[in-house]
Amino acid sequence: GELKAEKSVDALLASLKDDDPGVRKAAAIALGRIGDPRAASAVLASVPETAAGHWEYAAALYRLGKRDQLDQITAALRSEYPDSRRGALKALLEFADGRSLAALLALVANDSAPDKREAFEIRLAIVRGLPAFESAEARVPLKRMPGDGEPAVRAAAVGSLVKTSRPDPRSD
């Protein structure tokens, strides 16, 4: 177990210096998922100068305990690329960091997604993810969501309201 993980981390750290930027980014993402805090400084040093894909490095760093780049992840919610928007949304809901709550709630309020399907998926994901924030501010939109036009969003809102009413909202 632990010996394998250490060897994997060592190999991934070496991959942060690869000539190919895709390999470097994949290594940074993998190191973030493994969560070994020793990798944080190497991942930080590997962040490219250009903004493209920078949010993924910020998410990896967040998972490694460096939480001062959250704004780069929230900025990706407005990316022109749907996969970046989805990835950033998923990461922010995973982190459940109260500093991102305003940006997430703005997505629900503005409903500015390029298409209706994406707008529905965003609302559904946010409604399902809000209980993890464990704040009164996260409950307010949940109380309005049972009036959403989509039955799946309304049902998810009801389920999330139940979760936020429990002593431990993270329990199922």
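One numbering rule holds for all chains: residues counted from 1, following each sequence as written. Predicted model: local features are reported for residues with pLDDT of at least 70 only, side-chain atom pairs are reported and counted for 80 or more only, and whole-chain, interface and lining totals are derived from all residues. Side-chain measures were taken over the full set of non-hydrogen atoms in the model, leaving aside hydrogen atoms and water.

Asker: Honestly, the pattern of salt bridges in this entry has me stumped. Any pointers?
Answerer: Any two side chains of opposite charge can pair, so long as their charged atoms come close to each other. A pair is scored as a salt bridge if a Lys or Arg side-chain nitrogen falls within 4 Å of a carboxyl oxygen belonging to Asp or Glu. Within the structure shown, the criterion is met by seven salt bridges. Note that glutamate 94 and arginine 63 form a salt bridge whose closest N and O atoms lie 2.7 Å from each other. Remark: arginine 63 occurs in helix α4 (residues 54-63) and glutamate 94 occurs in helix α6 (residues 82-95); sequence separation between them is 31 residues. The shortest N-O distance in the salt bridge between arginine 99 and aspartate 97 comes to 2.8 Å. Every helix listed is a DSSP run of H or I at least four residues long, and every strand listed is a run of E at least two residues long, numbered separately from the N terminus.

Asker: I keep staring at the confidence of the model for the chain and nothing clicks. Help me out?
Answerer: The predictor's confidence in any single residue is recorded as pLDDT, a number from 0 to 100. The predicted model of the chain averages 87 in pLDDT, with 89% of residues at 70 or higher. Highest mean pLDDT in the chain belongs to α6 (95); lowest belongs to helix α1 (residues 2-15) (79).

Asker: Got a minute to help me understand the packing of aromatic side chains in this structure?
Answerer: Any pair of aromatic rings gets described here by the distance separating the centres and the angle formed by the planes. For Phe, Tyr and Trp, rings pair up if their centres lie within 6.5 Å, where Trp contributes its six-membered ring, and each pair is then called stacked (planes under 30 degrees apart), edge-to-face (over 60) or tilted (otherwise). The tally for this structure, following the rule as stated, stands at one aromatic pair. Between tyrosine 62 and phenylalanine 95, the aromatic rings sit 4.0 Å apart at their centres with planes inclined by 20°, giving stacked as the arrangement. Separated by 33 residues along the polypeptide, tyrosine 62 in helix α4 and phenylalanine 95 in helix α6 bring together distant segments of the chain. With a 1.4 Å probe rolled over the protein chains alone, any residue whose accessible area is under 20% of its type maximum counts as buried; one over 50% counts as exposed, and the rest are partly exposed. Judged by its relative accessible area of 11%, phenylalanine 95 falls in the buried class. In this arrangement the basic side chain of arginine 67 is found over the ring face of tyrosine 62, its NZ or CZ atom lying 4.4 Å from the centre. Counting as a charge over the ring demands two things of the Lys NZ or Arg CZ atom: a distance within 6 Å of the ring centre and an angle within 35 degrees of the ring normal.

Asker: Any chance you could explain the packing of helix α8 (residues 116-129) against helix α10 (residues 151-165) here in plain terms?
Answerer: Helix-helix packing is characterised by the crossing angle of the two axes and by the distance between the axes. For every element, the axis is a line fit to its C-alpha atoms; helices are fit only across the contacting stretch, and the angle between N-to-C directions ranges from 0 to 180 degrees. Interaxial distance between α8 and α10 falls to 8 Å at its minimum, and their mutual angle equals 10°. Relative to α10, α8 is oriented roughly parallel. Residues Phe120, Arg123, Leu124, Val127 and Arg128 of α8 touch α10, and the partners they reach there are Ala152, Val153, Ala156, Ala157 and Ser160. For the contact of α8 with α10, the class distribution of residues is seven nonpolar, one polar and two charged. The cut-offs work like this: below 35 degrees is roughly parallel, past 145 is roughly antiparallel, 65 to 115 is roughly perpendicular, and the gaps in between are oblique. Note on contacts: a residue pair qualifies if any of its non-hydrogen atoms lie within 4.5 Å across the two residues. In the scheme used here, Gly and all other residues not listed as nonpolar or charged are polar, with Ala, Val, Leu, Ile, Met, Phe, Trp, Tyr, Cys and Pro taken as nonpolar and Asp, Glu, Lys and Arg as charged.

Asker: Just checking my understanding: could you explain the nonpolar core for this structure?
Answerer: The nonpolar side chains of a soluble globular protein tend to be buried, and buried together. In terms of nonpolar packing, the biggest core is built from 33 residues, with Ile73, Leu89, Leu104, Ile126, Leu130 and Phe133 touching the most fellow members. Only α4, α5 (70-75), α6, α7 (101-110), α8, α9 (136-144) and α10 provide two or more residues apiece to this core. Counting residues per element, this core draws most heavily on α6, which supplies six residues. Other than its neighbours up to four places away in sequence, leucine 89 contacts Leu77, Leu104, Leu107, Ile122, Ala125 and Ile126. Buried residues of nine kinds, namely Ala, Val, Leu, Ile, Met, Phe, Trp, Tyr and Cys, make up a nonpolar core once their side-chain atoms join them within 4.5 Å. Among the nonpolar cores identified, the runner-up in size contains 14 residues, and Leu16, Ala27, Leu31 and Val43 belong to it.

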